[in-house]
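A look at the structure
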Amino acid sequence: MQEREKILDNYTAKVFKNRKDHIVQLEESGVSQEIAANSRSIPGMMVNRGCCYAGCKGVVLGPLRDVVTITHGPVGCGFYSWGTRRNKANNPDGRNFIQYCFTTDMQESDIVFGGEKKLKQAIKEAVEIFHPECVLICSTCPIGLIGDDIQAVATWAQEAFKIQCVAFSCEGYRGVSQSAGHHIANNGLMKHIIGTGDALPHAGKHTVNILGEYNIGGDGWETSRVLKRIGYEVLNVFTGDGSYEGIKDSHIADLNLVMCHRSINYIAEMMKTKYGIDWLKVNCIGIQETIRSLREMAMYFNDPVITAKTEEVIADEYAAITGDLDFYKEKLAGKTAGIFVGGSRTHHYQSLLKELGVKTIIGGYEFAHRDDYEGRDVLPSIKLDADSKNIEEITVNKDEAKYRLVIDRERFEELKDKIELEEYKGMFRDMDSGTITVDDFNHYETEKLMEIFKPDIFYSGIKDKYMMVKAGMPARQLHSYDYSGPYSCFQGALNFARDSYMAIYAPAWKLIEAPWKTTSTLMGKIGGAQ
Ligand code: CFM
């Protein structure tokens, strides 16, 4: 029996029918296969997904440091999205509001009589105390159910306080996962904030935005440091350590770099249509992938000074880590890994692991779409279901005054064949035959895979991490990096190698044995005799 069948074997006919298309065992290395994705989880199954509100408020909007983001809903939603994602932010002008939790704390009576008054009061208080330039409102499930008009409240607040106020109808149930919330946040930022500034392009400089980089554990800072060394001007990071003031002028960038395709490809596409900005799919996790990304950027700009500096910085950054890295490579060679994360990282980390000599044998995403697995060329063939249609698709048009092409279209076409310009090839093409990929993985499947494959280390999330650890398997969190990081670029690769080494070689693993391995867990007598 193939490993895939072993996992599916225990399911009832109904569950089998649903799950079989979400589990793919690759037949051929480097070749994509079809997978079912972005559909409803089966009720009752312990999955690892978050909700739409989590994707909007927690992932995309939350890291903006100079806006007050108010959670309109019961206090729990605000509380659980407060500081649990390690999107670090600086405090350059004293305006870093992300350490605060702003919520309307809806009570039973507010649910019965409506919460608009309370929301207005919350905005008033936030404006009086913090004086933000912009207030964002994110609604939670009950708000959609009782029908509070948050859009009207936003319009009221703009007039009452002469600030910008944008409301996001990102109720938790809207969509099948946090992915819906990414889309809603992308739409709102595009409609109301991006491009509203009046800055002019910085002539003579190569300016870039980094999209889909949330500065977890300082990744965005490390990537920006390397880019600045080469001579790029990093205009905005979306949205890790990002700012409202900054992204208003993000339309003047020469190139958008897309790190997490899943959460932000909408903005990349819309900025292309509206302002003419090309986007390049980069991956700053792993040494070879970082080098590829930097070289492709240099090819795009085609400036001899930048090209030379790119090689110089690559050589220098690499030389600074090789000695230590060799030690970890030696220790990690031949190990195997499983990676289960959200919608991008399972792909991003495979190249780094390969460089360290670690083979990824199991992969999984919580909420990726088919294009993240199979590549963007499947986009036209993805049928929208009722859940996807529930999310607004906005159309943007060319902004005649701000539209600007940095390179001529002939060169663009030529480059498109050579580099990942406006292209994402997806995760499957970088995986080996026999590898198992699970979409919307649940606890049972994770446990079963562990049992079958027994990887040396598991890179996971918080829900599944302790399940591994209790079974005596080293696990590292790839969402929050377990208080470590950065993991991006060269120095980051070294940090990751060190953390992986420490996890696998921790002496604790030799001292523990799961109790069920040595003692019987079932006691009793057969035959009824006492
Ligand atoms: Fe993109 Fe992310 Fe991810 Fe994501 Fe996330 Fe995250 Fe993630 Mo946790 S935006 S899809 S919704 S890379 S919070 S920074 S680690 S699941 S793989």
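Structure: see above.
What you are looking at is a predicted structure, and each value in this text was computed from that prediction instead of being measured.

What follows covers the environment of asparagine 283. Looking at the secondary structure, you find asparagine 283 in the loop between strand E9 (278-281) and helix H13 (287-301). Asparagine 283 sits in the buried class, given a relative accessible area of 3%. For asparagine 283 and tyrosine 173, which are 110 residues apart along the polypeptide, the C-alpha to C-alpha distance reads 31 Å. Asparagine 283 has contacts with Met259, Glu289, Thr290, Arg292, Ser293 and His348, leaving out every residue within four places of it along the chain.

Here the focus is the packing of aromatic side chains. Following the criterion strictly, the structure yields 23 aromatic pairs and no others. Geometrically, the ring pair formed by phenylalanine 327 and tyrosine 328 is edge-to-face, given 5.2 Å between the ring centres and 75° between the ring planes. Its relative accessible area of 36% is what places phenylalanine 327 among the partly exposed residues. Connected via pairs of aromatic rings, a cluster forms that spans Tyr349, Tyr459, Tyr481, Tyr487 and Phe496. Between lysine 331 and the ring centre of tyrosine 505, over which it is positioned, the NZ or CZ distance is 5.8 Å.

With an omega dihedral of -10°, the bond running from phenylalanine 238 to threonine 239 counts as a cis peptide bond. With respect to the helices and strands, threonine 239 occurs in strand E7 (residues 233-239). A cis amide bond links glycine 485 to the next residue, proline 486, at an omega of -10°. Looking at the element boundaries, proline 486 is found in the loop between strand E14 (475-477) and helix H21 (489-505). One non-glycine residue, aspartate 105, lies in the positive phi region at around 50°. The residue aspartate 105 is located in the loop between strand E3 (102-103) and helix H5 (108-113) in this model. Given the relative accessible area of 30%, aspartate 105 is considered partly exposed. The phi angle at asparagine 302 is positive, at roughly 50°, despite the residue not being glycine. Mapped onto the elements, asparagine 302 comes out in the loop between H13 and helix H14 (304-332).

Counting across every chain of the model gives three cavities of 30 Å³ or more. Reported here for the largest cavity is a volume of approximately 50 Å³. Along the walls of the largest cavity sit Asn18, Arg19, His22, Arg40, Ser41, Ile42, Met45, Val47, Asp440 and Asn442, which together make up its complete lining. Among the residues forming the lining of the largest cavity, the class breakdown is three nonpolar, four polar and three charged. As for the second largest cavity, its lining consists of His251, Ala253, Asp254, Tyr275, Gly276, Ile277, Asp278, Lys402, Arg404 and Val406. Broken down by class, the residue content of the lining of the second largest cavity amounts to four nonpolar, two polar and four charged.

Quick notes on the rules
- Residues numbered from 1 in each chain as written.
- Predicted model: local features only at pLDDT ≥ 70, side-chain atom pairs only at ≥ 80, totals over all residues.
- Heavy atoms only, no water.
- Helix = DSSP H or I, 4+ residues; strand = E, 2+ residues; numbered from the N terminus.
- Buried < 20%, exposed > 50% of the residue type's maximum accessible area, 1.4 Å probe, protein only.
- Contact = heavy atoms within 4.5 Å.
- Phe/Tyr/Trp six-rings, centres within 6.5 Å; stacked < 30°, edge-to-face > 60°.
- Lys NZ or Arg CZ within 6 Å of the ring centre and 35° of its normal.
- 1 Å grid on protein atoms, 1.4 Å probe; cavity = no way out; pocket = protein on both sides within 12 Å on 5 of 7 lines; lining within 4 Å.
- Points joined across faces, edges and corners; volume = space filled by probe spheres on them.
- Nonpolar A, V, L, I, M, F, W, Y, C, P; charged D, E, K, R; others polar.

Distances and angles like these do not, on their own, reveal function.
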